[in-house]
Amino acid sequence: MKRKLFYLLFISAVMFFTGCGDALYDVYNDFTGPVESVALAKTASVVIGTTEQLRASVYPSMTENKDVTWEIVSQSDTSGNTATGIASIDASGRFTASVLGSATVKATTVDGGFTAECVVTVVPTPIAIESITLDDVSLGTGQWRQLSCNITPTNATSTELTWFSSDPQTVTVDADGNVGALRNGSAIITATSAHWNKSGTCTVTVGDPTYTVTYNSNYTGGPASVDGGRYKLNDILTLLNNTTFTRQYYILTGWNTKFDGSGGSYAASTSSYSMGAQNVIFYAQWTPVSYSAVFNGNGNSGGAVPSVIAQQGGNQITLPNENTLTCTNFIFICWNTAANGTGIDYNAGQSYTMTGDITFYAKWKYDVSHSYVLRASGPGGGLIFYDKGYYSEGWQYMEAAPADITACFSVSEGYFNFTTGTAVGTGKENTDTIITYFTNTTIAAYKCRNYINSGKNDWFLPSKDECNLIYDNLIKINPVGGFRLISDSDSLSYYWSSTFIYSTSVSRNNCSVTNFWGNNTWPPYIWWNNLGLIPTRSARPVRRF
């Protein structure tokens, strides 16, 4: 019985395989037969500066020859224009990205010549997210708000975020970061980068909402923003004053709710603002400060000074020439920031940066045809003993009168609390000051003022340092001018100066005297008691021109 069953099964199997032989061959050939097609991904992307392996799918999958050849058939720059050098591909399909743009790659099967193409885009190097920050928000029940999310750096790539609420029954958040307040309470909202493993959080409070006020300096490099506090809807606040921020060469004139001034405008410190249902930033509005450059002829005898130049602080102006200015017997040298020529010189055509209002004074020098040398005769018949080197404040030279005069110094009129200068250039003003206090015309200051020689009547009593110059330039070597020296050691060998002080220790007037005995030393200030006229001393009038 068993043997009969075996024979029946054997016969059946033979009949089955005999009848299905062609079908089995067809199935086998579908996996191993000749190449019928090749496929590539339609598009791909490769980071600039990297190399990626491209792969082609050859069908049938178990065909004997899967070899393909690779080539780039076209290239385009980022604007879609035909280009070269975007990328290259080797014989094994390794694609190297060199320049931003795109390249069309073609794969061709060795067996059968079937082709497929892929557009490969060369993309920038990915920039990772470094931080994610969210601003806290207060909402009333039923309110919705788009959360403010700041991602750094701003040029980060792949910035997709996922959002999560710690209490979705109180605050819900959607896929775009919109939050909805469902009931009183609070929830922490978390934004997480889908690619860079970074996240940021904020607190959303539901109840009686408050809103932030921020003051922004609104200029590049300006100070950090100032927190103006939190306020409820319809609260009234007074805006901060115009000293909140400072900016060189600008004045803060007010605030605006838009950085470019196109929003609501508000005066600093005097404006009131009714709080709305959102945070607000007040941007400082700046007005540039303009300064003036004024030009002074500084003793010119004719012509007109250049016009005033107005320019914004921090900007440069170009110094003009002297225009039509003239000064008899003098030539224009340059401009100077001080009337006496001791400031900074600026030539015509030179640049100057405006940092405030300024006056430029013409600086003059004697024309060579009208110049003087030391110890030569001056226009007043005296001897030149000082050359300042340039003309300013109406003079360049000083000359001493050709002879001494004698004078007293009076204290019978009482004592006066004043002091006169010592420096070169102060003698004339010293003389004017002394004359305003004393009326006795026999004293040295009056006699020098009333002195006339060669038609010149602008003489004065020299200061202490002006007397020093007389010694240095007229007496010290080969004396000229007839000054009294050591051989004339008497009361007239002392010379009055216009350097005058008031002694607070003894409440008396003190006028400095000197001698020209060859050592150029000054005795201490000499004072006399109230006995009337002091014994006669010498004086040598001087003038400047």
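To keep things clear, this report deals only with the structure shown in the data block.

Rules used throughout
Residues numbered from 1 in each chain as written. Predicted model: local features only at pLDDT ≥ 70, side-chain atom pairs only at ≥ 80, totals over all residues. Heavy atoms only, no water. Salt bridge = Lys/Arg side-chain N within 4 Å of Asp/Glu carboxyl O. Helix = DSSP H or I, 4+ residues; strand = E, 2+ residues; numbered from the N terminus. Buried < 20%, exposed > 50% of the residue type's maximum accessible area, 1.4 Å probe, protein only. Expected span 1.5 Å × (residues − 1). Arc of directions from axis to C-beta. Disulfide = S-S within 2.5 Å. Pairing = 2+ DSSP bridges. 1 Å grid on protein atoms, 1.4 Å probe; cavity = no way out; pocket = protein on both sides within 12 Å on 5 of 7 lines; lining within 4 Å. Points joined across faces, edges and corners; volume = space filled by probe spheres on them. Nonpolar A, V, L, I, M, F, W, Y, C, P; charged D, E, K, R; others polar. Polar contact = N/O pair within 3.5 Å; in protein donor to acceptor, adjacent residues only side chain to side chain. Contact = heavy atoms within 4.5 Å.

A few words on the pattern of salt bridges. For the structure shown, the criterion picks out nine salt bridges. The salt bridge partner of Lys 363 is Asp 345, with a shortest N-O separation of 3.1 Å. One end of the pair, Lys 363, is in strand 32 (residues 358-366); the other, Asp 345, is in strand 30 (residues 345-346), and 18 residues separate them in sequence. The class for Lys 363 is buried, based on a relative accessible area of 8%. A relative accessible area of 37% places Asp 345 in the partly exposed class. Arg 544 serves as the salt-bridge partner of Glu 429, at 2.7 Å between the closest nitrogen and oxygen. Of this pair, Glu 429 sits in helix 3 (residues 427-437) while Arg 544 sits in strand 40 (residues 542-544); the two residues are 115 residues apart in sequence, bridging distant segments of the chain. Arg 544 sits in the buried class, given a relative accessible area of 14%.

It helps to recall that an α-helix has 3.6 residues per turn; residues three or four apart then point in one direction. With twelve residues, helix 5 (residues 464-475) should cover 16 Å at 1.5 Å per step; its first-to-last C-alpha distance of 16 Å lies within 8% of that length. Among all positions in helix 5, only Glu 466, Cys 467, Asn 468, Leu 469, Ile 470, Tyr 471, Leu 474 and Ile 475 are buried.

Looking only at helix 3, the buried set comprises Gly 427, Asn 430, Thr 431, Ile 434 and Ile 435. The buried residues of helix 3 occupy an angular sector of 135° when projected down its axis, which confines them to one face.

All chains considered together, the criterion is met by zero disulfides. Counting only cysteine sulfurs, Cys 202 is the nearest neighbor of Cys 149, a cysteine outside any disulfide, at a range of 9.0 Å.

What follows deals with unusual backbone geometry. Following Tyr 59, the chain continues to Pro 60 via a peptide bond in cis, the omega torsion being 0°. With respect to the element layout, Pro 60 can be found in the loop between strand 4 (57-59) and strand 5 (68-76). Here the residue pair Thr 152 and Pro 153 is connected by a cis peptide bond, since its omega of -5° sits within 30 degrees of zero. With respect to the secondary-structure elements, Pro 153 resides in the loop between strand 13 (149-152) and strand 14 (161-165). You will see that Asn 218, though not glycine, has its phi angle at about 65°, which is positive. Tracing the backbone through its elements, the reader meets Asn 218 in the loop between strand 19 (210-216) and strand 20 (226-232).

Moving on to the pairing of strand 18 (residues 199-206). The alternating pattern of strand 18 places Gly 200, Cys 202, Val 204 and Val 206 on a buried face and Ser 199, Thr 201, Thr 203 and Thr 205 on a face that is not buried. Summarising the sheet, strand 11 (residues 137-139) and strand 18 pair through three bridges and their orientation is parallel. The residue bridging Val 137 from the neighbouring strand is Val 204, located in strand 18. Relative to strand 18, strand 17 (residues 185-193) is paired through eight bridges, and the arrangement is antiparallel. Each residue of the ladder has a partner; that of Ser 186, found in strand 18, is Thr 205. With antiparallel pairing between neighbouring strands as the criterion, strand 17 and strand 18 make up a hairpin whose turn holds five residues, including Asn 197 at a positive phi of roughly 55°.

The next subject is the layout of surface pockets. Looking at the largest pocket, its volume works out to about 280 Å³. Looking at the largest pocket, it is lined by 14 residues, and the ones nearest its centre are Asp 135, Asp 136, Ser 148, Thr 212 and Asn 279. At the level of elements, strand 12 (144-146), strand 19 and strand 25 (280-288) are the ones that each hand at least two residues to the lining of the largest pocket. Across the lining of the largest pocket, the residue classes tally to four nonpolar, six polar and four charged. Lining the second largest pocket are Thr 257, Lys 258, Tyr 273, Met 275, Gly 276, Gln 278, Asn 279, Val 280, Ile 281 and Tyr 283. Among the elements that take part in the lining of the second largest pocket, strand 25 stands out by supplying three residues, more than any other. Per-class residue counts for the lining of the second largest pocket are five nonpolar, four polar and one charged.

Okay, the side chain of Lys 388 next. Examined against the element boundaries, Lys 388 turns out to sit in strand 33 (residues 383-392). At 2.8 Å, the side chain of Lys 388 forms a polar contact with the side chain of Ser 392. For Lys 388, the side chain forms a polar contact with the main-chain oxygen of Trp 395, separated by 3.1 Å. When sequence neighbours within four positions are dropped, the list of residues in contact with Lys 388 reads Asn 340, Trp 395 and Gln 396.

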